[in-house]
Every structure is written in structure tokens, then in C-alpha cells.
2 protein chains.
Amino acid sequence: MVMDKSERHIARAYDRDLEAIQAHIMKMGGLVEAAILDAAQALSTRDEELAEKVRNSDRAIDELEALIQQEAALTIAERQPMAFDLRTILAVMKIANNLERIGDYAKNMAKRTGVLVQMKPVEENSSSVRRMAKMVEVMLKDALDSFVQRDSELAEDVRQRDLEVDQMYNSLFRNYLTYMMEDPRNITACMHLHFIAKNIERMGDHVTAIAEQVIYLDTGAYPDDPRPKADRTSIDYSEGA
Amino acid sequence: MVMDKSERHIARAYDRDLEAIQAHIMKMGGLVEAAILDAAQALSTRDEELAEKVRNSDRAIDELEALIQQEAALTIAERQPMAFDLRTILAVMKIANNLERIGDYAKNMAKRTGVLVQMKPVEENSSSVRRMAKMVEVMLKDALDSFVQRDSELAEDVRQRDLEVDQMYNSLFRNYLTYMMEDPRNITACMHLHFIAKNIERMGDHVTAIAEQVIYLDTGAYPDDPRPKADRTSIDYSEGA
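Residues numbered from 1 in each chain as written. Chains lettered and ligands numbered in written order. Predicted model: local features only at pLDDT ≥ 70, side-chain atom pairs only at ≥ 80, totals over all residues. Heavy atoms only, no water.

By the naming in an unreviewed UniProt entry, chain A goes by Phosphate-specific transport system accessory protein PhoU and is assigned to Aliiruegeria lutimaris. Under the Subunit (unreviewed entry) heading, UniProt states for chain A: "Homodimer." Of the comments in the UniProt record for chain A, the one headed Function (unreviewed entry) reads "Plays a role in the regulation of phosphate uptake." (UniProt positions renumbered as here; feature names shortened; annotations may be inferred.)

**Q** Any chance you could break down the overall build of chain A for me, citing the residues and the numbers?
**A** A tally of regular secondary structure across chain A gives 7 helices and 0 strands. Sequence-ordered secondary structure for chain A, helices as α and strands as β, is α-α-α-α-α-α-α. A buried classification covers 56% of the 241 residues belonging to chain A. Expressed as a percentage of contacts within chain A between residues at least 6 apart in sequence, the contacts between residues at least 24 apart total 85%. In the form shown here, chain A has an accessible surface area of approximately 10400 Å², with 50% of it arising from carbon and sulfur atoms. (Helix = DSSP H or I, 4+ residues; strand = E, 2+ residues; numbered from the N terminus. Buried < 20%, exposed > 50% of the residue type's maximum accessible area, 1.4 Å probe, protein only. Contact = heavy atoms within 4.5 Å. Areas by Shrake-Rupley, 256 points an atom, 1.4 Å probe, with all protein chains shown as cover.)

**Q** Kindly report on the packing of helix α4 (residues 126-148) of chain B against helix α6 (residues 187-219) of chain B, identifying the contributing residues and their values.
**A** Residue and element names in this part refer to chain B. Remark: α4 packs on α6, axes separated minimally by 9 Å, with the N-to-C direction vectors making an angle of 15 degrees. Taken together, the axes of α4 and α6 are roughly parallel relative to one another. Note on packing geometry: the crossing formed by α4 with α6 is left-handed. For the pair α4 and α6, the contacting residues are Val 129, Met 132, Ala 133, Val 136, Met 139, Leu 140, Ala 143, Ser 146 and Phe 147 in the first and Ile 196, Ala 197, Ile 200, Glu 201, Met 203, Gly 204, Val 207, Thr 208, Ile 210, Val 214 and Leu 217 in the second. Considering only residue class, the contact of α4 with α6 consists of 16 nonpolar, 3 polar and 1 charged. (Axes fitted to C-alpha atoms, helices over the stretch in contact; angles between N-to-C directions. Parallel < 35°, antiparallel > 145°, perpendicular 65-115°, else oblique. Left-handed = near helix turned anticlockwise from the far one by under 90°. Nonpolar A, V, L, I, M, F, W, Y, C, P; charged D, E, K, R; others polar.)

**Q** Lay out the relation of the copies chain B and chain A with the relevant residues and their values.
**A** The relation between the two chain copies is a rotation about an axis coupled with a shift along that axis. Take chain B, turn it by 180 degrees, move it 0.0 Å along the axis, and it overlays chain A with an RMSD of 0.0 Å. Such a combination of turn and shift is consistent with a two-fold rotation axis. For chain B, the minimum C-alpha distance to the rotation axis belongs to B:Ala77 and amounts to 2.5 Å. A symmetric contact is evident, with 100% of the interface residues of chain B recurring at the interface of chain A. (Least-squares fit on C-alpha atoms with pLDDT ≥ 70 in both.)

**Q** Report on the nonpolar core, specifying residues and quantitative values.
**A** Grouped together as the largest cluster of nonpolar side chains are 153 residues, with contacts concentrated most on A:Ile25, A:Leu99, A:Leu140, B:Ile25, B:Leu99 and B:Leu140. Other than its neighbours up to four places away in sequence, A:Leu140 contacts A:Gly29, A:Val32, A:Glu33, A:Ile36, A:Leu99, A:Ile102, A:Val207 and A:Ile210. (Core = buried A, V, L, I, M, F, W, Y, C linked by side-chain atoms within 4.5 Å.)

**Q** Quick one: what's the story with the environment of A:Arg174, residue by residue and with numbers?
**A** Note on placement: A:Arg174 falls in helix α5 (residues 152-182). Judged by its relative accessible area of 40%, A:Arg174 falls in the partly exposed class.

**Q** Run through the pattern of salt bridges, naming residues and quoting values.
**A** All names here are of chain A. Scanning all chains against the criterion turns up 22 salt bridges over all chains. The shortest N-O distance in the salt bridge between Lys 107 and Asp 58 comes to 3.9 Å. Residue Lys 107 is located in helix α3 (residues 83-116), and its partner Asp 58 is located in helix α2 (residues 48-79); the two are separated by 49 residues in the primary sequence. We classify Lys 107 as partly exposed; its relative accessible area is 27%. Classification of Asp 58 by relative accessible area gives buried; the value is 2%. For Arg 159, the salt bridge identified is with Glu 156, shortest N-O distance 3.0 Å. Of this pair, Arg 159 and Glu 156 both sit in helix α5, 3 residues apart, which is roughly one turn of the helix. Relative accessible area serves as the criterion here: at 0%, Arg 159 is assigned to the buried category. Judged by its relative accessible area of 26%, Glu 156 is partly exposed. (Salt bridge = Lys/Arg side-chain N within 4 Å of Asp/Glu carboxyl O.)

**Q** Any chance you could break down the interface of chain B and chain A for me, citing the residues and the numbers?
**A** Each partner contributes to the interface: chain B provides 42 residues, whereas chain A provides 43 residues. For the pair chain B and chain A, the number of links is 0 salt bridges. Summed over the shared surface of chain B and chain A, the number is 0 residue pairs in polar contact (both at pLDDT 80 or more). Elements supplying a minimum of two residues to the side of chain B that touches chain A: α2 (48-79), α3 (83-116), α5 (152-182), α6 and α7 (233-236) of chain B. (Polar contact = N/O pair within 3.5 Å; in protein donor to acceptor, adjacent residues only side chain to side chain.)

**Q** Would you mind going over α4(B) in detail, with residue names and values included?
**A** Taking 1.5 Å of rise per residue, the 23 residues of α4(B) would be expected to cover 33 Å, and the 33 Å separating its terminal C-alpha atoms lies within 8% of that figure. Positive phi shows up at B:Arg150, right after α4(B), with a value of about 45 degrees. (Expected span 1.5 Å × (residues − 1).)

**Q** Can you break down the packing of α3(B) against α4(B) residue by residue, with the values?
**A** All names here are of chain B. For the pair α3 and α4, the least separation of the axes is 13 Å and the interaxial angle reads 165 degrees. Taken together, the axes of α3 and α4 are roughly antiparallel relative to one another. Classified by chirality, the crossing of α4 by α3 is left-handed. Along its contact with α3, which presents Val 92, Ile 95, Leu 99, Ile 102 and Met 109, the element α4 presents Val 129, Leu 140, Leu 144 and Phe 147.

**Q** How would you explain the packing of aromatic side chains if you had to name every residue and give the values?
**A** Residue and element names in this part refer to chain A. Enumeration over the complete set of coordinates arrives at 5 aromatic pairs over all chains. Here the aromatic rings of Tyr 176 and Tyr 179 are separated by 6.4 Å at their centres, their planes lie at 55 degrees, and the arrangement is tilted. Separated by 3 residues within a single helix, Tyr 176 and Tyr 179 lie in helix α5, roughly one turn from each other. Both residues of the pair, Tyr 176 and Tyr 179, count as buried. (Phe/Tyr/Trp six-rings, centres within 6.5 Å; stacked < 30°, edge-to-face > 60°.)

In C-alpha cells form, the structure reads like this:
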């Protein structure tokens, strides 16, 4: 189809809008990555001030998300994108929503850290949590890179790595059960730690969802095989207790 | 401003679109309400079949959400709503997203029920969980009614009731800690029950978010006072263990 001059003009306006929105996505991604790392560091070094910083930084993340949703809606209204362009904008809105939820989990981690620093530390566990958080942060970085470059191979790689995050969660879940059974004084702390581990595992799910949007944008289809899933705590422990 | 004929034509087309989307929201709401009640009943009667039904019904909820998001985007693209009309469509998209997340929590509850029925029951607790779920379901029903009628008073009432849900969660959290400390064999079951209680508490948060969208649509502003919040487990238990 040969575009006439006004169509080309409209297409360029849409592209400019999309670029501006993508720039906001990347800025938001940077804030969320920092929140993940800071939250993990605050937990492992029992740093209340850093935890508070994470809690406060969530507002900026939420504001960016609202801005992106608004910009995306205006772009749809003004440029009337159809077919692929419309799907792209909808994918961008979903990615912003995933980022916002990852930010929420980091904030929740920081809140629980504020509680945990009041308690006797549970033996060596924060290093595993921190490793898990670091892994999710790298996945997020790669997912956002794959988004900018529309690189579905990198996105698929991110998606596969989520399996490892799930396995790390399973192993932590088992550890916390053990600590609680060994010493009931660990129970409250372990409940919070378990929620934190679960939050990181959920962050991984949202990073995976971002990667899947990229695969969809790049290849036109969602991945064939169902998303790998290895949170098996609802199965592995059915015989427990 | 006097509308010319073509503007009136466009306005009516937008209204028709909005009505169709709202009908889907109500249908989705009905499915989500049923999922909440069934999930709670399956848990309290240890009914694995019903739990499986809830798990399977989540797909229909997800499909409706995807349909609504698609319809909303098309309405924005084709009708180019501005100002209030655009905000209304964005609010509808958010409500669909909240409903989808409530459905996810019901599904997760049903998954954990499948695990819990394999274990020795923890003494009387399912009736509190069921009461809490029932309360959230009624709140959801009222929130959706308030949406259809753009009734911000009813929406505000729903919002206030979320406080009670939070208090019920706090009380359950305390009970589970007690059960775990009394008998370590309860630990695994209580971890799952605690997650279920937390899931219901989060459902309440999403119902509240729906009510807040209604208040925004009806009054043009979000509620002034910050949302009442009574999940104080991250504070109340800081001295524990």
C-alpha cells in the first residue's frame, strides 16, 4: 500500500509518540531495577534508612505509570492506530502495568524489612534472598533491552531463566519451614521472609510477562509452550505437616 | 456548546460502545463473585472438585478481561473520546484489570485448597476465612452496582468496609501464628492458610480500587483521605518472635 502524504505524516506522529512513551518505560524500568536491588540490600544489611528510601521511591514509579497510561490513551485517541500499531500501544500499557507491580513488590519487601530489623536475625538466609533478587533484576534489565531492540531471542532467554527463580523460591520455602519447626521463635520472622521470597518470585513472573509481550511484538505470536512454572510448593509439600 | 449532527452521531456511537463494554464488565464481575464464594466454600468443606472448578473458571475471566481491553482500545481509536469520556474508558480498563486480579486470587485460593485437603485440618479457622470471603464478595457486588449507577455514596461505603476486612485478616494472622507455635505440625498448613487470608485481604484492596474509580467518575476527584488501611501485621508483630 502506497501511503499518501497525510498518512505518512500520521505514521510519523505515531512513531514520535511511541518513542516518547518508550523513553518513559525505560526511565520507569531504571527506577524499578534500583528499587529491587536497594530492597534486597536493605534486607541483607538490615538497613532501615535504605528500606525507607525504597518505600518512598515507589511514588515516582506509580506516577510514571499513570503518565504512560495517559500518554498511551492519548496516542490511541489522536493517532487512531490500527492493527499492529494498536497492539504495540496495548503491549506498552501492559509492560508499564507489570513494572508498576514489580515496584509494589519491592516496596512491600522494604516494608517487611522495617519489621524484620526489629527481630533477632534468622540464620544465614539473606544471601539467598539477595541472590534471587539480583537474578530478577538482571532479567528485568534484559527484558527491557529486548523490548527496545524487539529481540525475541533475548526475551525467550529471560523467560527460561524464570525457572531458576522459581527453583530458588522452592528451596527458600523449604528452608523457612525447617527454621520454623526447629525453633518456634523463628516463626514470625520466617513468615515475613517467606512473603519476601514469594514477592521476588512474583516479580520474576511479571518480568516474564514483559518478555512475553516482546516475543509477541517481535514474532506476532505469544510463545507456544506454556510458560515454564516451577513454583511447586503447592504440590511438593502436600504431604508435609 | 451545540453539537452538530455528526458530533451527535459520534457521541451516540461512543455511548453504545461504552454500554457494550460495561455489560462485559458486569458479566466478568458475576464470574469473579462466583469464584470468590466457590473458593471459600471449597476450602471450608474440603471439596477438591469445587476447588478444581474455580481453577478452571479463571480462564473465562481472563478471556473477558482481554476482550474488554481490546474493546476499550478500539473505542478509543475509533471514537477519539476526549476529556471525561476518555477518562471513563480508562477507568473501565482499570476496573477490568482489578477484576482479573481478584479472579487470580480466587484461583490461587483454590490451588492451595487442593493442597490443604491432603493435610490434617487445622482447628476451626475455615469459618472465619469464609466469612471474610463472603464480606469481600458483597463488597464487590456493591462496588459493581455503584459503578453501573455512578453512585459515589455506595462506593464510599464499600471503601470504608475494607477496614473490617483488614481487621479480620489481622486477627487471622495472629491465630495462625498461635497455631504454629502451639504445634509445629500445623506450620505447613498455616503457611498456606495465611497466604489464603492474605489473598482475600488483597481482593478487598482491589474492590476498594474499583470503588475509588467510581468515586472518581461520579465526583471528578479521587477520595481525599488516604485509603483506610488496617493491615498492621507489619507493625503489630514487630516485637514478636
